[in-house]
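Structural characterization, general
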Amino acid sequence: MSIAVTHQPGFADGFRMLLGAAGNGALLAELLGVKPSQVTRWRQGSQVPSPESARSIMDFAYIIARAESTMHTKVVPIWLDSPNQFLRGSTPRECIKLGRVAEVIGAIDAEDEGAYA
């Protein structure tokens, strides 16, 4: 599969990683809150993501990479959709969509250090 290169730095690598982690475009679209057809157009290079979508892709990719460095890769998808004590009961996915990326990274750090909320 070829991923089109966009003018947004980091997009192609993050997109590739997220697509691999999601398994297919439909799941990635759900993760990002876009239509599956948008993911297909990005993959084909017929469209570039909006700045907001590109940022979401890079944010999600960074968080998944950080989470996978501290927990088993099979746990990460479950963790993304589970209420988290360090996020006051919100799920990491909800926080990322709301732009609360720093809080999610803090939650990963706290879990990695063995802290308890």
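As shown above, the structure is provided for reference.
Rules behind the numbers
- Residues numbered from 1 in each chain as written.
- Predicted model: local features only at pLDDT ≥ 70, side-chain atom pairs only at ≥ 80, totals over all residues.
- Heavy atoms only, no water.
- Axes fitted to C-alpha atoms, helices over the stretch in contact; angles between N-to-C directions.
- Helix = DSSP H or I, 4+ residues; strand = E, 2+ residues; numbered from the N terminus.
- Parallel < 35°, antiparallel > 145°, perpendicular 65-115°, else oblique.
- Left-handed = near helix turned anticlockwise from the far one by under 90°.
- Contact = heavy atoms within 4.5 Å.
- Nonpolar A, V, L, I, M, F, W, Y, C, P; charged D, E, K, R; others polar.
- Buried < 20%, exposed > 50% of the residue type's maximum accessible area, 1.4 Å probe, protein only.
- Arc of directions from axis to C-beta.
- Polar contact = N/O pair within 3.5 Å; in protein donor to acceptor, adjacent residues only side chain to side chain.
- Core = buried A, V, L, I, M, F, W, Y, C linked by side-chain atoms within 4.5 Å.

A short note on the packing of helix α2 (residues 25-32) against helix α3 (residues 36-44)
Between α2 and α3, the shortest axis-to-axis distance is 8 Å and the interhelical angle comes to 115°. On the basis of the axis angle, α2 is roughly perpendicular to α3. The hand of the α2/α3 crossing is right-handed. Two secondary-structure elements touch here, α2 through Gly-25, Ala-26, Leu-28, Ala-29 and Leu-32 and α3 through Pro-36, Val-39, Trp-42 and Arg-43. Residues belonging to the contact of α2 with α3 are distributed by class as follows: seven nonpolar, one polar and one charged.

Concerning α2
An α-helix turns once per 3.6 residues; consequently, residues spaced three or four apart project the same way. Within α2 the residues assigned to the buried category are Gly-25, Leu-28, Ala-29, Leu-31 and Leu-32. Axial view of α2: buried residues confined to an arc of 160°, hence all on one face. Capping of α2 at its N-terminal end is provided by Asn-24; its side-chain oxygen lies 3.0 Å from the backbone amide nitrogen of Ala-26. Taken from the residues just after α2, Gly-33 is the one with a positive phi, measuring 75°.

Here we look at the nonpolar core
In this structure, Leu-18 and Leu-28 are the most contacted members of the largest nonpolar core, which totals 31 residues. Residue contributions to this core peak at seven residues, all from helix α4 (residues 51-70). Filtering out sequence-adjacent residues up to four positions away, Leu-18 remains in contact with Leu-28, Leu-31, Leu-32, Ile-57, Phe-60, Ala-61 and Ile-64.

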